[in-house]
Amino acid sequence: MSNNSTLQVMQERDMHKVVVGQKIMKVVSQFFLYLFLFAVAFVILFPFYWMLISSVKTLDEYMLAIPTLFPKNFDFVNYVEAFNTANLGRLFGNTVFVGVVSTILSLVITVLSAFAFARLEFKGKNAMFAALLATMMIPGELFTITNYKTVNDFGWLNLEQYGFTVLIVPFLVSVFYIYLLKQNFMQIPNELYLAAKVDGTSDLKYLWKVMIPLALPTLISITILKMMGSWNTYMWPNLVADSEKYWLVTNGLRKFSAVDEGGQVDIPVQMAAVAIVSAPLFMVFLFLRKYIMKGVSRSGIKG
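Undergrad: Got a sec to walk through the overall build of the protein chain? Specific residues and values, please.
TA: Along the backbone of the protein chain there are 15 helices and 0 strands. Long-range contacts, defined as pairs at least 24 residues apart, comprise 69% of the intrachain contacts of the protein chain with a sequence gap of at least 6.

Undergrad: Describe helix α9 (residues 175–186), with residues and values.
TA: Structurally, the α-helix is built with 3.6 residues per turn, so residues lying three or four positions apart point the same way. Between its first and last C-alpha atoms α9 spans 16 Å; for 12 residues at 1.5 Å apiece the expected length is 16 Å, and the two agree. Of all 12 residues in α9, 9 are buried; the element is thus mostly enclosed.

Undergrad: Which residues make up the environment of Ser-102, and what values go with them?
TA: Relative to the helices and strands, Ser-102 is located in helix α4 (residues 88–119). Residue class for Ser-102 comes out buried when judged on its relative accessible area of 4%. Residues Ser-102 and Leu-167, 65 residues apart in the sequence, show an inter-C-alpha distance of 8.7 Å. In contact with Ser-102, other than residues within four places in its own chain, are Ile-168, Leu-172, Lys-226 and Ser-230. One polar contact links the side chain of Ser-102 to the main-chain carbonyl oxygen of Gly-99, over a distance of 3.1 Å.

Undergrad: An account of the packing of aromatic side chains is requested, with residue identities and associated values reported.
TA: For the structure shown, the criterion picks out 18 aromatic pairs. Aromatic side chains Phe-97 and Phe-164 sit 5.4 Å apart centroid to centroid with 55 degrees between the ring planes, which places their arrangement in the tilted category. Separated by 67 residues along the polypeptide, Phe-97 in helix α4 and Phe-164 in the loop between α7 (159–162) and α8 (165–168) bring together distant segments of the chain. A relative accessible area of 42% places Phe-97 in the partly exposed class. Site record: aromatic cluster; members linked through ring pairs are Phe-42, Phe-46, Tyr-49 and Trp-50. The ring of Phe-129 carries the charged tip of Lys-182 above its face, separated from the ring centre by 4.7 Å.

Conventions used here
- Residues numbered from 1 in each chain as written.
- Predicted model: local features only at pLDDT ≥ 70, side-chain atom pairs only at ≥ 80, totals over all residues.
- Heavy atoms only, no water.
- Helix = DSSP H or I, 4+ residues; strand = E, 2+ residues; numbered from the N terminus.
- Contact = heavy atoms within 4.5 Å.
- Expected span 1.5 Å × (residues − 1).
- Buried < 20%, exposed > 50% of the residue type's maximum accessible area, 1.4 Å probe, protein only.
- Polar contact = N/O pair within 3.5 Å; in protein donor to acceptor, adjacent residues only side chain to side chain.
- Phe/Tyr/Trp six-rings, centres within 6.5 Å; stacked < 30°, edge-to-face > 60°.
- Lys NZ or Arg CZ within 6 Å of the ring centre and 35° of its normal.

Just distances and angles here, no functional claims.
Here's what the structure looks like:
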């Protein structure tokens, strides 16, 4: 009995050592994991922090040999000067107009296309959809030359005659959005569609009354992503919008240069302009991120 008791005690001690070792390893691994995440977060967030503190510094403080990590005096006049000097009112108006119009038209095209590929039967449907998906393998920058040649042949580069057409039409169709919504439509039971057809419901009425309400989270995600894409676009507006009247926030801000009375570039004012332009995107992501994730996750359940 004594031998068995001694063996049992030794086993309990060994087990205790194993448990303690596992706890120590877990604590150490958690420490290094959070240390890594903190380092990554610091690398990502520090440029935004530097932008914000620089936007409220005076030019003299910004030009110090040893940078200050916190402003000595807050100079919010930089924001007023940036808004007026960069003409951000017009830039915001142009961008919102292009974003809203292109989003609405893109949603119409996306919904109709996704419905056709998800529910309608026509010859060559699968081959056509596969061809569309194949275009997603091509970087969008490669279409710039062909798009520019096309709009030039149509005469849309004449902004005084066609206005914002050249900024809206070329990017109305998104294969990714069509694929995203089609996958969501495919999750809706086909029996609902067949029952609606038996009752004499038209395809458009079924789409409006049944499929769109059920796919609303994905449509909200597409709307948000499209608006953010229109807000962030830079290369195409910079290429085709050569008139200040039609500049968007991205290319307009790029061409904005704040200069003080001595002819020196006023970096704090430029930082303030960047902060103003970036604020809407931060707000959208902060308050609407759950809708983006919800819509994307719903569309990825069924292949």
